[in-house]
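Overview (structure and organization)
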Amino acid sequence: MNSNDSRHCMGKLLSLMGLVALAYAGIYVYYGHAVEREVEQALSERGLSSVTVESVDYGLWAPVSSSTEITLNVTYRGAQAALNLGVEGHPLFSDEVVIRLDGLQALRLGLNL
C-alpha cells in the first residue's frame, strides 16, 4: 500500500466520521424537540396547558437510549422550576413514552408588584 492509497483511505474515513457526527447532531436536536412535545402533551392532558416549557436538558447519549434522565425548565405565572424527569421509551422511535417526575431541582418565585 503506498502513501496515496493510505491518504485516500484516511480521507474517506474522516468524511464518513463527519457524516456520522452530522447525522447524530441532527438526531440529538430533534430528540429535544420530541421530548418537549411529549411533556407539553402530558401537561395539557392534566389540565396544565398554561405551564410553559422553557428548555429541556439531557445527556449526550440520550438519543440512543430508551431510558434516560432529563432536566426540564418550566415557567408558570412568574414562577420558574427545574424538574428532574425520567423518560422511558424513545420519543423518536417508540409508540409509547412514559414520563415520570423524579424530583424538583429548583423553584424560583417572582413577585410582580
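Throughout, residues of each chain are indexed from 1 in the direction in which the sequence is written. Per-residue local features of the predicted model are confined to residues with pLDDT of at least 70, and side-chain atom pairs are confined, for both listing and counting, to 80 or more; whole-chain, interface and lining totals are unaffected and use all residues. Calculated side-chain values reflect all of the structure's heavy atoms, with hydrogen atoms and water omitted.

Any two rings among Phe, Tyr and Trp, with Trp reduced to its six-membered ring, count as a pair given centres within 6.5 Å; such a pair is stacked if its planes are under 30 degrees apart, edge-to-face if over 60, and tilted if neither. A full pass over the atoms with the stated rule returns three aromatic pairs. Centre to centre, the rings of Tyr-24 and Trp-61 are 5.9 Å apart; their planes meet at 50°, and the pair counts as tilted. On the criterion of sequence distance, the pair formed by Tyr-24 in helix 1 (residues 3-45) and Trp-61 in the loop between strand 1 (52-58) and strand 2 (67-76) is long-range, its members being 37 residues apart. Their ring planes at 50° and their centres at 4.7 Å tell us that Tyr-28 and Tyr-58 sit as a pair that is tilted. Placement of Tyr-28 in helix 1 and of Tyr-58 in strand 1 is noted, with a sequence separation of 30 residues between them. Accessibility expressed as a relative area gives 25% for Tyr-28, which makes it partly exposed. Here a set of aromatic residues connected by ring pairs shows up, and it is made of Tyr-28, Tyr-31 and Tyr-58. Secondary structure follows DSSP: runs of H or I at least 4 residues long count as helices, runs of E at least 2 residues long count as strands, and numbering of each begins at the N terminus. Partly exposed residues are those whose accessible area sits between 20% and 50% of the maximum for their type, while under 20% is buried and over 50% is exposed, using a 1.4 Å probe and protein chains only.

On to the pattern of salt bridges. A carboxyl oxygen of Asp or Glu within 4 Å of a side-chain nitrogen of Lys or Arg is what we treat as a salt bridge. Taken as a whole, this structure holds three salt bridges when the rule is applied. Between Glu-69 and Arg-100 there is a salt bridge, with the nearest N and O atoms lying 3.0 Å from each other. Taken together, the residues Glu-69 in strand 2 and Arg-100 in strand 4 (residues 98-108) connect sequence positions 31 residues apart. Here Glu-88 makes a salt bridge to Arg-100, at a shortest N to O gap of 3.0 Å. Of this pair, Glu-88 sits in strand 3 (residues 79-88) while Arg-100 is found in strand 4, placing the two residues 12 residues apart along the sequence. Judged by relative accessible area, which is 32%, Glu-88 ranks as partly exposed.

All right, on to the nonpolar core then. In these notes, a set of buried Ala, Val, Leu, Ile, Met, Phe, Trp, Tyr and Cys residues joined through side-chain atoms within 4.5 Å is what counts as a nonpolar core. Judged by nonpolar contacts, the single largest core of 17 residues is most densely connected at Val-39, Val-53, Val-56, Ile-70, Leu-72 and Val-74. Contributions of two or more residues to this core are made by helix 1, strand 1, strand 2 and strand 3. Two residues form a contact once any of their heavy atoms are found within 4.5 Å. Sequence-distant contacts of Leu-72, defined by excluding residues within four places in its chain, comprise Val-39, Val-53, Ser-55, Val-56, Ala-81, Ala-82, Leu-83 and Leu-85.

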